[in-house]
Amino acid sequence: MLIIKSSGSAETKVKNSRFLAEMFPVHSPEEAKEAWKFRKDTYDNGGHIVYAFTVGANQNISGCSDDGEPSGTAGRPVLAVLLGSGVTNAMITVARWFGGTKLGTGGLVHAYGGAAKAAVEVTGFEEFFPQSRAEFSVPYPRYAECRIFLEGLEFRIEKEDFSAEVAICGTLRQSRTPELLHYLQELGSGKIQCVITDC
């Protein structure tokens, strides 16, 4: 499974209709709908902004919209391209500027699918690794040592709170959580509590 490393966009033309396809990361259906709404409010194209998205470790959740095009001619072809690319946590939108010639249902399927493929071809990807969130606290004298270990673990710190101890919250690959738990067990002689959740 892949995720997006760098977003991509591509413009195609079919019988004078112009299609702008954009591919970018999203992490929930709500985020996808907000991204679509932003484009609806921004683009002055007189109508159709088709979209498809998929999120989850195995593309568990997906959705699409024809946005006024004939049913099944726009959103589904874009979703098929997206799912076929092996990418998750991703969205493709395709804005259409009508060129005066009707494309017919087969033409629309081809045009929207082709625009989506063009966006996929210019988007950068990297391998997806399921992530976990970890929350724990370490004593001040062990903080510097702990930070060095976390860097080696590729632990991404989201928040640190310097109070009685240093409370740390961040994410790491699920496959590396046993290393973190073992390290904290030794660091705190079994006294450091670490809460792990999937994210």
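Now for a description of the structure that goes with this document. (Residues numbered from 1 in each chain as written. Predicted model: local features only at pLDDT ≥ 70, side-chain atom pairs only at ≥ 80, totals over all residues. Heavy atoms only, no water.)

1. Focus: the packing of aromatic side chains
For the coordinates displayed, the defined rule picks out eight aromatic pairs. Here Tyr-43 and Trp-97 contribute two aromatic rings whose centre-to-centre distance is 6.1 Å and whose plane-to-plane angle is 50°, an arrangement assigned as tilted. Of this pair, Tyr-43 sits in the loop between α1 (29-42) and β4 (49-55) while Trp-97 sits in strand β6 (residues 90-97), placing them 54 residues apart in sequence. Classification of Tyr-43 by relative accessible area gives partly exposed; the value is 23%. Geometrically, the ring pair formed by Tyr-51 and Phe-53 is stacked, given 6.5 Å between the ring centres and 25° between the ring planes. Phe-53 matches Tyr-51 in its accessibility class, with the two residues each being buried. Taken together through their ring pairs, the aromatic side chains of Trp-36, Tyr-51 and Phe-53 make up a single cluster. Here Arg-18 stacks its cationic end above the ring of Trp-97, 4.1 Å away from the centre of that ring. Over the aromatic face of Phe-129 sits the side chain of Arg-173, whose NZ or CZ is 3.6 Å from the ring centroid. (Phe/Tyr/Trp six-rings, centres within 6.5 Å; stacked < 30°, edge-to-face > 60°. Helix = DSSP H or I, 4+ residues; strand = E, 2+ residues; numbered from the N terminus. Buried < 20%, exposed > 50% of the residue type's maximum accessible area, 1.4 Å probe, protein only. Lys NZ or Arg CZ within 6 Å of the ring centre and 35° of its normal.)

2. Some details on the pairing of β4
In terms of burial, β4 is a largely internal element, seven of the seven residues being buried. Going residue by residue along β4, you find Ile-49, Tyr-51, Phe-53 and Val-55 tucked away on one face and Val-50, Ala-52 and Thr-54 tucked away on the opposite face as well. One ladder, built from six bridges, connects β4 with β6; its direction is antiparallel. Paired with Phe-53 across the bridge in β6 is Met-91. Bridging between β4 and strand β5 (residues 61-65) involves five bridges; their strand directions are antiparallel. For Val-55, the partnering residue across the bridge sits in β5 and is Ile-61. Where β4 folds back onto β5 in an antiparallel hairpin, the turn is made up of five residues, including Gly-56, whose phi is positive at roughly 110°. (Pairing = 2+ DSSP bridges.)

3. Re the pattern of salt bridges
One pass over the full model with this rule turns up nine salt bridges. The partner of Glu-22 in a salt bridge is Arg-39, and the shortest N-O contact between them spans 3.2 Å. Separated by 17 residues along the polypeptide, Glu-22 in strand β3 (residues 17-25) and Arg-39 in helix α1 bring together distant segments of the chain. Of the charged contacts in the structure, one is a salt bridge between Arg-142 and Glu-145, with a shortest N-O distance of 3.1 Å. Here Glu-145 and Arg-142 lie together in helix α4 (residues 140-152), a separation of three residues that amounts to about one turn. (Salt bridge = Lys/Arg side-chain N within 4 Å of Asp/Glu carboxyl O.)

Just geometry here; none of it tells us what the structure is for.
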